Structures are given as C-alpha cells and as structure tokens.
Amino acid sequence: MAPSTVICIGMAGSGKTTFMQRLNSHLHAKKSPPYVINLDPAVLKVPFGANIDIRDSVKYKKVMEEYNLGPNGAIVTSLNLFATKIDQVIKLVEKRSDKVENVIIDTPGQIECFIWSASGAIITEAFASTFPTVIAYIVDTPRNSSPTTFMSNMLYACSILYKTKLPMIIVFNKSDVKNADFAKEWMQDFETFQRALSEDQELNGEDGTSSGYMSSLVNSMSLMLEEFYSQLDVVGVSSYTGEGFDEFLGAVDNKVDEYNEYYKAERERILKEKEEKENKRQSSSLNKLMKDLDIKDKNQEGKDSEVLSDYESEDDEYQGELPRDEDEVEREYTFPEDRNSEVNDKTDADLQSRYQAAFDATAKNASSKTAESIAEYIKR
C-alpha cells in the first residue's frame with residue numbers, strides 16, 4: 001500500500017515547522033516513523049531529522065549571489081533547481097514505501113513561492129500522481145480571532161484548494177494559546193459569524209455603526225465560503241503540547257479515502273483522455289505517412305497522383321487550398337521582363353489581343369525561353 005503524503009503549507013509565523021517537528025515525534029512515538037522531506041532552502045535550522053533536505057543539493061545563499069536575486073526569488077529558483085530532480089526523489093520514496101506509512105513535507109514559509117510557482121506545481125503533481133496526497137493548511141489561531149483576518153485566511157485556503165485540486169485539512173495551530181472552537185463554530189454556523197462580525201471594532205466604529213462596504217463584502221464572502229467549508233476537515237492542534245494530533249491523523253485517513261474515491265478517479269480519467277488523444281494523433285500521423293509513402297512509390301512507377309500534406313485530409317473540400325471568394329479578382333501573372341510595363345486599360349486594344357494570343361499559344365507547350373522571346377517581340 002502506498003504511503004499517504006502530507007504537504008504542510010502555512011504562512012510565515014503560523015508554526016508550520018514546529019507542527020512538522022511535533023507530527024514527526026508523534027508518529028515516532030506510535031512506532032510508525034514517517035519519511036520526512038524539507039523543501040525550505042532558506043531555513044537555518046531544521047528541528048527534525050529530514051530524509052531528504054533541499055539544502056543538501058541547493059545552496060540558497062549561492063543562488064542569491066550567482067543570480068543576483070532577493071530572498072523570495074532565490075527560494076523560487078532553488079525550488080526550480082530541485083524540481084528538475086523530482087523524479088529521483090519519487091524513486092527514493094518508492095523504495096521505502098513498504099516500510100513507511102506516511103510522508104510529510106515541509107514547504108517554505110513564503111507560501112506564494114511554493115503554491116504559485118511552476119516548481120511547486122511540478123513537485124505537488126509528482127507526489128499526487130504517485131501517492132495519496134493531502135494538503136495540510138496550517139493556521140495561526142490567535143492571529144485569526146478577528147473575523148476579517150479569519151475571512152482573509154480562509155479565502156487564501158480556498159485559492160490553494162482550487163489551485164492544487166487535492167483534499168485539504170485546515171489545521172488551527174497554537175490551540176494552547178487560544179482554543180480553536182470559535183473558528184470551527186464560525187465555519188459551521190453563519191449566524192454566529194455574523195454576530196462576531198457586528199461586534200468587530202476593526203470593521204465597525206466604537207459606537208457599533210457599520211462601515212458599510214467592508215461589512216457587506218465580508219458578509220458576501222462568508223456566504224460564498226459555505227460550500228468551501230463543506231469540503232474540509234477542520235482540526236485544532238497544539239504543536240507545543242501535542243494536543244489534537246491523533247485527531248489530525250484521523251483526518252488524514254479520511255482525506256486519503258476521499259483521494260482514492262474522487263481525486264484518483266478523476267486524475268485517471270484525465271490521463272486516459274490524454275492517452276486516447278495522443279493515440280489518435282499518432283495513428284493519424286502514421287496513416288498520412290503510409291499514404292505519402294504509397295503515393296511516392298506510385299509516382300516512381302510513372303502514375304499521376306497527388307500527395308496530401310500534413311495539413312490536408314481526404315475529405316477536405318478545398319484540398320488544402322483556401323477558398324476563394326466569387327467576387328475576388330483573378331491574379332494576372334506576367335513575365336519578369338514585362339512587370340515594369342504591365343498591360344493596363346490604356347494599352348492599345350490590338351496590342352492586348354496580340355499579347356493574349358501569343359500567351360495562349362505558348363502557355364502549355366512553349367519553354368520559358370520561347371515565352372520570354374514572345375514577350376520581347378510584343379514590347380517592340
């Protein structure tokens with residue numbers, strides 16, 4: 001059975017790395033050590049043992065110096081360099097798949113550097129196409145006690161869900177500082193969130209009067225997110241005390257089942273569709289090649305035939321040519337020496353008739369040299 005993969009994503013300061021450390025120690029305590037991967041190239045110290053560490057293959061400071069980049073640009077470039085070897089990483093994990101049940105991945109605190117970069121998408125897709133993969137979105141609970149901040153964080157989580165298209169667990173971290181029950185209630189009961197919104201002094205004045213635009217905007221967004229909340233598992237944990245991690249592992253199991261039932265089936269459908277299109281394309285190209293080769297053989301035998309190009313088909317009404325409008329004027333072709341003195345409306349009628357008669361008489365059988373001689377004769 002393939003190990004479940006948990007990609008931990010969270011904003012800077014959300015306690016994501018501490019969450020990884022506690023999850024690692026929790027799984028070790030359960031006699032089920034995970035396979036740990038660190039994808040943060042800028043971290044100075046990792047408080048857990050990593051089986052694969054991006055810092056071993058990519059030097060963050062050297063990337064900054066060599067490419068003249070800032071911190072975020074260096075993180076993206078480091079991930080790009082690492083993504084070129086992601087197939088080797090997948091093979092290493094597959095070799096241990098019979099010994100481990102979980103793969104946990106730590107990502108950079110600069111969340112946009114991973115989620116919205118091409119390398120982040122490549123890494124995520126590589127794991128999701130091989131192992132049951134779950135996104136764990138880590139939220140700093142004390143910072144989200146304000147309804148507006150909470151709403152902003154949920155919108156970001158929603159964008160990550162639809163970007164990765166993978167099962168997601170919302171993890172309210174630091175529950176030892178502030179209990180996450182209020183956030184769970186806001187997600188389940190719209191009226192409770194409305195009351196908290198009306199009492200928010202950041203959104204309303206001290207006298208309780210609403211600021212109008214912001215209040216209606218947050219109300220509308222909260223209604224929109226109701227469908228988003230229904231697709232999530234929500235867990236409150238404390239990375240400091242270890243509270244809630246059994247519940248988190250239970251949520252991971254639920255999301256793995258969801259992955260196998262929905263996401264894997266959809267992924268296989270898309271891959272099958274792409275394979276069928278590629279097979280049709282190859283079959284069409286092969287048929288055209290065989291037809292061209294057959295026609296070429298016939299031409300060598302002296303038989304008249306036409307060769308279809310790659311852009312034509314047998315049932316093409318115009319046989320690869322663009323249709324001409326009925327009102328379009330036919331082109332008049334002239335000899336090279338005659339282009340500077342083309343026949344026009346002012347030309348003598350007798351000269352026109354002589355020109356046309358000479359052209360008609362020699363167009364089919366005369367050589368190019370004969371045609372040029374006629375043109376020289378008419379010019380006299």
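- If you check an unreviewed UniProt entry, the protein chain appears there as GPN-loop GTPase from Debaryomyces hansenii.
- According to UniProt, the comment filed for the protein chain under the heading Sequence similarities (unreviewed entry) is "Belongs to the GPN-loop GTPase family."

## So, the confidence of the model for the protein chain
Inference 1: On average, the protein chain scores 80 in pLDDT, and the residues at 70 or more come to 74%.
Inference 2: Below a pLDDT of 50 lies the segment residues 318-322, which in the model reaches 6 contacts outside its immediate sequence neighbourhood of four places, other chains included.
Inference 3: Here residues 328-343 is a poorly scored stretch, pLDDT under 50, and it has 16 contacts once near neighbours within four places are set aside; other chains count.

## Digging into the packing of helix H9 (residues 190-198) against helix H10 (residues 213-230)
Inference 1: One way to put it is that H9 packs onto H10 with a least axis distance of 11 Å and a crossing angle of 160 degrees. The angle between the axes of H9 and H10 places the two elements in the roughly antiparallel class. Handedness of the crossing formed by H9 with H10: right-handed. Note on element contacts: H10 touches H9 through Ser215, Val218, Asn219, Ser222, Leu223 and Glu226, opposite Phe190, Phe193, Gln194 and Leu197.

## Describing the packing of helix H7 (residues 147-164) against H9
Inference 1: Their axes nearest at 9 Å, the elements H7 and H9 cross at an angle of 130 degrees. For the element pair H7 / H9, the angle class is oblique. Two secondary-structure elements touch here, H7 through Pro147, Phe150 and Met151 and H9 through Phe193, Ala196 and Leu197.
Inference 2: The residue makeup of the contact of H7 with H9, split by class, is 6 nonpolar, no polar and no charged.

## Points about the environment of Val139
Inference 1: Along the polypeptide, Val139 turns up in strand S5 (residues 133-140).
Inference 2: What makes Val139 buried here is its relative accessible area of 1%.
Inference 3: It is 5.6 Å that separates the C-alpha atoms of Val139 and Ser14, two residues lying 125 residues apart in sequence.
Inference 4: Discounting chain neighbours no more than four positions away, the residues touching Val139 are Ser14, Asn144, Asn153, Met154, Ile170, Val171, Phe172 and Asn173.

## Let's talk about unusual backbone geometry
Inference 1: The phi torsion at Asn68 lies on the positive side, around 55 degrees, for a residue other than glycine.
Inference 2: Note on placement: Asn68 falls in the loop between helix H2 (60-67) and helix H3 (71-83).
Inference 3: Residue class for Asn68 comes out exposed when judged on its relative accessible area of 68%.
Inference 4: Here Lys165, not a glycine, exhibits a phi torsion of approximately 55 degrees, which is positive.
Inference 5: Positionally, Lys165 belongs in the loop between H7 and strand S6 (168-173).
Inference 6: A residue is classified by how much of its surface remains accessible, and Lys165, at 56% relative accessible area, is exposed.

Rules of the game
In every chain, residue numbers begin from 1 and rise along the written sequence. Residue-level local features of this predicted model are given only where pLDDT is at least 70; pairs of side-chain atoms are given and counted only at 80 or more, and the full residue set underlies all totals for whole chains, interfaces and linings. Excluded from the side-chain calculations are hydrogens and water; all other atoms, namely the structure's heavy atoms, are used. UniProt positions are given in the numbering used here, feature names are shortened, and annotations may be inferred rather than shown by experiment. Per-residue confidence from the prediction method is given by pLDDT, with values spanning 0 to 100. Any pair of residues with heavy atoms lying within 4.5 Å of one another is described as a contacting pair. To get an axis, a line is fitted to the C-alpha atoms, and for a helix only the part in contact is used. The angle between two axes follows their N-to-C directions and goes from 0 to 180 degrees. A run of H or I in DSSP counts as a helix once it spans at least four residues, and a run of E counts as a strand once it spans at least two, with each numbered from the N terminus. Angular relationships are summarised with four words: roughly parallel below 35 degrees, roughly antiparallel beyond 145, roughly perpendicular across 65 to 115, and oblique for the angles in between. Rotating anticlockwise by less than a right angle from the far helix to the near helix defines a left-handed crossing, while the corresponding clockwise rotation defines a right-handed one. Residues were grouped as follows: Ala, Val, Leu, Ile, Met, Phe, Trp, Tyr, Cys and Pro as nonpolar; Asp, Glu, Lys and Arg as charged; and all remaining residues, including Gly, as polar. Three labels apply to residues, based on accessible area from a 1.4 Å probe with only protein chains included: buried if under 20% of the type maximum, exposed if over 50%, partly exposed otherwise in between.

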